[in-house]
Amino acid sequence: MNSGACKLTSGLEGLQLSINQIQTINQIYDNEIALADKISAEEKRDFYMNKLAKSCPLSIPSDAEIEYQTKNGYMQVAYTFSDDNAKYTCRWHTRNLNAMNKTKKACYWVIEKHVMGKGYGKDYHPAGWYVLTGISNNGEPIWTTEVEWRKARNANYNNHATEGQKELLESGHWEYK
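Calculation rules
- Residues numbered from 1 in each chain as written.
- Predicted model: local features only at pLDDT ≥ 70, side-chain atom pairs only at ≥ 80, totals over all residues.
- Heavy atoms only, no water.
- Phe/Tyr/Trp six-rings, centres within 6.5 Å; stacked < 30°, edge-to-face > 60°.
- Buried < 20%, exposed > 50% of the residue type's maximum accessible area, 1.4 Å probe, protein only.
- Core = buried A, V, L, I, M, F, W, Y, C linked by side-chain atoms within 4.5 Å.
- Helix = DSSP H or I, 4+ residues; strand = E, 2+ residues; numbered from the N terminus.
- Axes fitted to C-alpha atoms, helices over the stretch in contact; angles between N-to-C directions.
- Parallel < 35°, antiparallel > 145°, perpendicular 65-115°, else oblique.
- Left-handed = near helix turned anticlockwise from the far one by under 90°.
- Contact = heavy atoms within 4.5 Å.
- Nonpolar A, V, L, I, M, F, W, Y, C, P; charged D, E, K, R; others polar.
- Expected span 1.5 Å × (residues − 1).
- Arc of directions from axis to C-beta.

Scanning all chains against the criterion turns up four aromatic pairs. Taking 5.4 Å as the distance between ring centres and 20° as the angle between the ring planes, the aromatic pair formed by F81 and Y88 counts as stacked. We classify F81 as buried; its relative accessible area is 1%.

Spelled out as structure tokens, the structure:
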């Protein structure tokens with residue numbers, strides 16, 4: 001599947017929410033997902049592509065593969081697609097109350113990029129795995145390497161994360177809009 005170059009959408013910053021607002025938002029999302037579970041496959045795809053996917057900070061093409069999962073303590077919808085250079089996974093989650101990363105965001109996106117490597121020739125480059133953690137002043141995505149992301153995540157799970165690592169994890173969880 002080749003969807004061309006990936007583009008970022010706007011509106012990535014939001015206001016802080018109260019606990020009551022977060023609970024209300026989570027109930028709305030739970031109701032929307034429950035409703036989506038009761039409708040036809042075609043209606044589900046329309047819901048996921050025309051409502052949920054449009055809130056992602058990375059544009060999700062209409063031919064993306066969609067996988068809905070109920071995890072331990074949260075719900076997830078994962079979109080997978082490729083362009084000429086990489087494979088992308090955009091995962092939307094409800095708030096995971098079991099996670100060590102107690103993000104203030106009620107629901108959020110985590111965007112991963114897997115770059116295919118080339119093992120020979122003048123275009124040689126290793127494979128890479130990255131998480132979207134920011135947008136530069138000129139609108140370009142800022143990708144954090146797998147090594148840096150996992151170090152921060154593991155330190156956070158073990159309650160040894162620095163403020164910088166905590167900020168990195170928070171910046172890699174994009175608020176649902």
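In terms of nonpolar packing, the biggest core is built from 23 residues, with L52, I60, Y79, C90, W109 and I111 touching the most fellow members. Where this core is concerned, the elements lending two or more residues are helix 2 (41-52), strand 2 (75-82), strand 3 (86-94) and strand 4 (107-115). By size, the runner-up hydrophobic cluster in this structure holds eight residues, among which are V110, W149, A152 and L168.

Now for the environment of K54. Along the chain, the position of K54 falls in the loop between helix 2 and strand 1 (65-70). Given the relative accessible area of 57%, K54 is considered exposed. Residues K54 and Y176, spaced 122 residues apart in sequence, show a C-alpha to C-alpha distance of 9.8 Å.

A separate point is the packing of helix 3 (residues 146-157) against helix 4 (residues 163-171). Packing of helix 3 against helix 4 brings their axes to within 9 Å, and their N-to-C directions diverge by 110°. In terms of their interaxial angle, helix 3 and helix 4 are classed as roughly perpendicular. Considering only the axes of helix 3 and helix 4, their crossing is left-handed. From helix 3, E148, W149, K151, A152, R153, A155 and N156 reach across to helix 4, where they touch Q165, K166, L168 and L169. By residue class, the composition of the contact of helix 3 with helix 4 is five nonpolar, two polar and four charged.

Here we take up helix 3. For helix 3, with 12 residues, the first-to-last C-alpha span of 16 Å sits near the 16 Å given by 1.5 Å per residue. All buried positions along helix 3 are accounted for by W149, A152, A155 and N156. The buried side chains of helix 3 occupy one side of the element, clustering within an arc of 135° when seen end-on. Of the residues in helix 3, the exposed ones pointing more than 90 degrees away from the buried face are V147 and K151. Buried residues in helix 3 make contact with strand 5 (128-135), strand 6 (141-145) and helix 4. One or two residues past the end of helix 3 sits N159, with phi positive at roughly 60°.

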